Amino acid sequence: MQLDSKTPGGPLAEKWDRHRFESKLVNPANRRKYTIIIVGTGLAGASAASSLGELGYNVLSFCIQDSPRRAHSIAAQGGINAAKNYQNDGDSIQRLFYDTVKGGDYRSREANVYRLAHLSVNIIDHCVAQGVPFAREYGGLLDNRSFGGAQVSRTFYARGQTGQQLLLGAYQSMMRQVEKGSVKSFSNREMLDVVLIDGQARGIVVRNLNTGAIERYAGHAVLLCTGGYGTAYYLSTNAVNSNVTAAWRAHRRGAFFANPCYTQIHPTCIPVSGTEQSKLTLMSESLRNDGRVWVPRTSGDKRPPKQIPEAERDYYLERRYPSFGNLVPRDVASRNAKAVCDEGRGVGDSGLAVYLDFQDAIERLGDEVIRGRYGNLFDMYSKITDDDPYSVPMRIYPAIHYTMGGLWVDYNLMSTIPGLHVLGEANFADHGANRLGASALMQGLADGYFVIPYTLAHYLGSATLPAVTTDHDAFKASEAAVQERIDLLLSVKGSKTPRQLHRELGGLLWDEVGMARNEAGLRKTLERIPQLRDEFWQNVSVPGPKNNLNKNLEYAGRVADYLEFAEVLTLDALHRQESCGGHFREESQTPDGEALRDDANYSYVAAWEFQEVGKAPHLHKEPLTFEYVKPSQRSYK
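Residues numbered from 1 in each chain as written. Predicted model: local features only at pLDDT ≥ 70, side-chain atom pairs only at ≥ 80, totals over all residues. Heavy atoms only, no water.

## With respect to the packing of helix α7 (residues 245-252) against helix α16 (residues 551-575)
Axis separation between α7 and α16 bottoms out at 10 Å; the angle between their running directions is 60°. One finds that α7 runs oblique with respect to α16. Two packed elements cross with a definite hand, and for α7 against α16 that hand is left-handed. Of the residues in α16, those touching α7 at T245, W248, R249 and R252 are G557, R558, D561, E564, F565 and V568. Classifying every residue of the contact of α7 with α16 by side-chain character gives 3 nonpolar, 2 polar and 5 charged. (Axes fitted to C-alpha atoms, helices over the stretch in contact; angles between N-to-C directions. Helix = DSSP H or I, 4+ residues; strand = E, 2+ residues; numbered from the N terminus. Parallel < 35°, antiparallel > 145°, perpendicular 65-115°, else oblique. Left-handed = near helix turned anticlockwise from the far one by under 90°. Contact = heavy atoms within 4.5 Å. Nonpolar A, V, L, I, M, F, W, Y, C, P; charged D, E, K, R; others polar.)

In structure tokens:
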């Protein structure tokens, strides 16, 4: 099939308004006739549920947690971007658009990015009206701070818990619709298949995680808002419950997976402390506003940081990137941290850490100002490490965080399966090869509050959608396939736990498909993944019953999907013989170690079509054209 982005014509700044006018609508009296299934209750899912419920659609909302409030969006601490220009420092919609395209290393679709920048200004007003307690200046105006990849202050924040506060706003808005009856909320449900009838997404099959029961739900469209796949790497900043299963099962049904090699390494995480860790903790990028990153100038210098004089410290980001300093984008900051640690200048017992030092800021601004900006983050760091960041520099190191790749969607947020829409981090659409800090919350809320109400209505108004029930043969076949896979997992009765196999897969991906990649390592990984997958199905141990609460079974199913997905992730990294954003091929770099793109050969979206497990997927290409932001060698110097 040919990929059609359905990008509207006309000038860039007019595309979205023109598209909204030309899109079909659903009469208010008819909306209650449509059932919309939404999987996920993070910012994208909760905002979509609240918006569509308010419009009068019949919404079924599903989440794997015990409450929609526990979605992983709460972990996005630092802030949300918007081109309000409250600081009068030169920001604009055009500049946010430019920064986002450049930050993504010219690997995103211009029309989608401009729409995101355009809608950003509406998001803040909407959330303020909901009561989100954004930080304010002394005079009462909303405050802003800077984030990586920008030279203006456009990030709105609520101390170090912005994602949590925004999610509470979306959750309360959604629960208002639950109270009214337009939204029904189903917690502790894991989507294990999407049901297609006449080629259209018409429902899902889920497992009730409390009872083990397999349940069917029918609708007129399905919205996936299930986040990213960073947990494939085992150790990541994501919640352990975050997974790739919903997206991967949709991929197996025909939804193309786009740019899976674009995984983001966050530079500001608490370093690994032991072999038995199950996840890593993110220290917000907002800390780099006032914290200075440094390592000793001399390899092997293990003195305590306070004993290292200023002249013997290397503030390497300020030295290499004087224009942006510590606020370079995440991919640049991460690679530089790896480089200085590879030189033997890393700090801490492992040597895999750098300092994030607030001493200068505390002396300049005072302890109380820093406490007001970052107090909860400092408290969290202190509880985890038993160090006081007010008196001793934080130790940080890069870790897997966000994923820019995801299911391919067109301008309407619809995948290659008609009726299956994908919102937020689960799609590939807006961030290219590297997401700028504070843009994840922006995308999730833009998709849910302001985009999907129009584009979903257009689909419903255009498609022929005959009535179906969960008694349809397609639902029966899907449930049977789901149950067969569960039974197979329980029948192996091997000697290795899913966690052991996941840890091995994650270590392999981190070493060979992490901050730096090369052909030899990628080919080695592609040889090892099928072996690990075979070992899983021959030797995995999954105790417990299928018809009850069984965390081992949940986890084993997700690891099985990681072992299939990881092959596509690695294959995508191998095929893209250039460096861009979070994808750094050692064979493709400038003389001073910066990412070197190959626009002549790789200026496209790589969208992979599933064939079968163990068989190479088919590659489709969506060409990227840049009419308004001309690609150039990305520089933050």
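## Focus on the packing of aromatic side chains
Within the structure shown, the criterion is met by 24 aromatic pairs. Lying across the ring of Y454, R20 places its NZ or CZ 5.1 Å from the centre. In this arrangement the basic side chain of R371 is found over the ring face of Y390, its NZ or CZ atom lying 4.2 Å from the centre. (Phe/Tyr/Trp six-rings, centres within 6.5 Å; stacked < 30°, edge-to-face > 60°. Lys NZ or Arg CZ within 6 Å of the ring centre and 35° of its normal.)

## Some thoughts on the nonpolar core
Ranked by size, the top nonpolar core spans 185 residues in total, and within it I36, I80, L223 and L224 carry the most contacts. Setting aside residues no more than four positions away along its own chain, L223 makes contact with I36, I37, I38, V39, A48, L52, H421, L423, I452 and L456. If you look at the next biggest cluster of nonpolar residues, it comprises 6 residues, including W294, I308, Y315 and A353. (Core = buried A, V, L, I, M, F, W, Y, C linked by side-chain atoms within 4.5 Å. Buried < 20%, exposed > 50% of the residue type's maximum accessible area, 1.4 Å probe, protein only.)

## Here we look at the environment of L509
Within the fold, L509 resides in helix α14 (residues 498-512). Owing to a relative accessible area of 0%, L509 belongs among the buried residues under this scheme. Separated by 51 residues in the primary sequence, L509 and A560 place their C-alpha atoms 15 Å from one another. If sequence neighbours within four positions are ignored, L509 has contacts with A232, Y233, G514, T525, A566 and T570.

## What about the domain arrangement of the chain?
For the chain, the assigned domains are domain 1 (12-24 + 31-262 + 404-462), domain 2 (265-401) and domain 3 (479-597). Across the boundary between the two partners, domain 1 contributes 35 residues, which contact 43 residues of domain 3. Interface area, domain 1 with domain 3, both sides summed: about 3,500 Å², of which 54% is carbon and sulfur. Across the domain 1-domain 3 interface, the total number found is 6 salt bridges. Between D561 and R249 there is a salt bridge, with its nearest N and O atoms 3.1 Å apart. The tally of links from domain 1 across to domain 3 stands at 24 residue pairs in polar contact (both at pLDDT 80 or more). Of all the elements in the fold, those that place two or more residues in the side of domain 1 that touches domain 3 are β6 (189-197), β7 (200-208), β8 (214-218) and α7. Here the element with the most residues in the side of domain 1 that touches domain 3 is α7; it accounts for 4 residues. (Domains from an automatic or database assignment. Buried area = accessible area lost by both parts, 1.4 Å probe. Salt bridge = Lys/Arg side-chain N within 4 Å of Asp/Glu carboxyl O. Polar contact = N/O pair within 3.5 Å; in protein donor to acceptor, adjacent residues only side chain to side chain.)

## Things to note about the sheet that holds β7
Across the sheet, which stays open at both edges, the 3 strands sit in the order β6-β7-β8 with antiparallel pairing between neighbours. Of all the strands in the sheet, just β6 and β8 have a single pairing partner and so form its edges. The sheet shows a mean angle of 25° between the axes of neighbouring strands, taken without regard to direction. In terms of strand pairing, β7 meets β8 through 5 bridges, oriented antiparallel. Bridge pairing in β8 links R207 to I214. (Pairing = 2+ DSSP bridges.)

## Considering the sheet that holds strand β15 (residues 394-403)
A sheet is described by the order of its strands in space; here 5 strands give the open sequence β11-β15-β14-β12-β13, paired in antiparallel fashion. For this open sheet the edge positions go to β11 (263-269) and β13 (313-314), each flanked by a neighbour on one side alone. Here 3 bridges tie strand β12 (residues 292-296) to strand β14 (residues 354-357), and the two strands are oriented antiparallel to one another. The partner of V293 across the bridge, within β14, is L356.

## Regarding the pattern of salt bridges
Working definition: two side chains of opposite charge can pair if their charged atoms are close together. The final tally for this structure, using the stated rule, is 56 salt bridges. Between R292 and E318 there is a salt bridge, and its shortest N-O distance comes to 2.8 Å. You can see R292 sitting in strand β12 and its partner E318 sitting in helix α8 (residues 316-320), a full 26 residues away along the chain. Between D342 and K338 there is a salt bridge; the shortest N-O distance is 2.8 Å. Taken together, the residues span about one helical turn, with D342 and K338 both in helix α9 (residues 330-342) at a distance of 4 residues. On the accessibility criterion, K338 (24% relative accessible area) is partly exposed. Salt bridges sharing common partners tie together D105, R107, D331, R335, R576, E578, R597, D599 and R634.

## Here we look at empty space enclosed by the protein
Tallied over the entire structure, the rule returns 8 cavities of 30 Å³ or more. Here the largest cavity defines a volume of roughly 140 Å³. Residue assignment for the lining of the largest cavity shows that the elements contributing at least two residues are β6, α7, α13 (473-491) and α16. By residue number, the principal contributor to the lining of the largest cavity is α16, which donates 5 residues. The residue inventory of the lining of the largest cavity, partitioned by class, reads 6 nonpolar, 2 polar and 7 charged. (1 Å grid on protein atoms, 1.4 Å probe; cavity = no way out; pocket = protein on both sides within 12 Å on 5 of 7 lines; lining within 4 Å. Points joined across faces, edges and corners; volume = space filled by probe spheres on them.)

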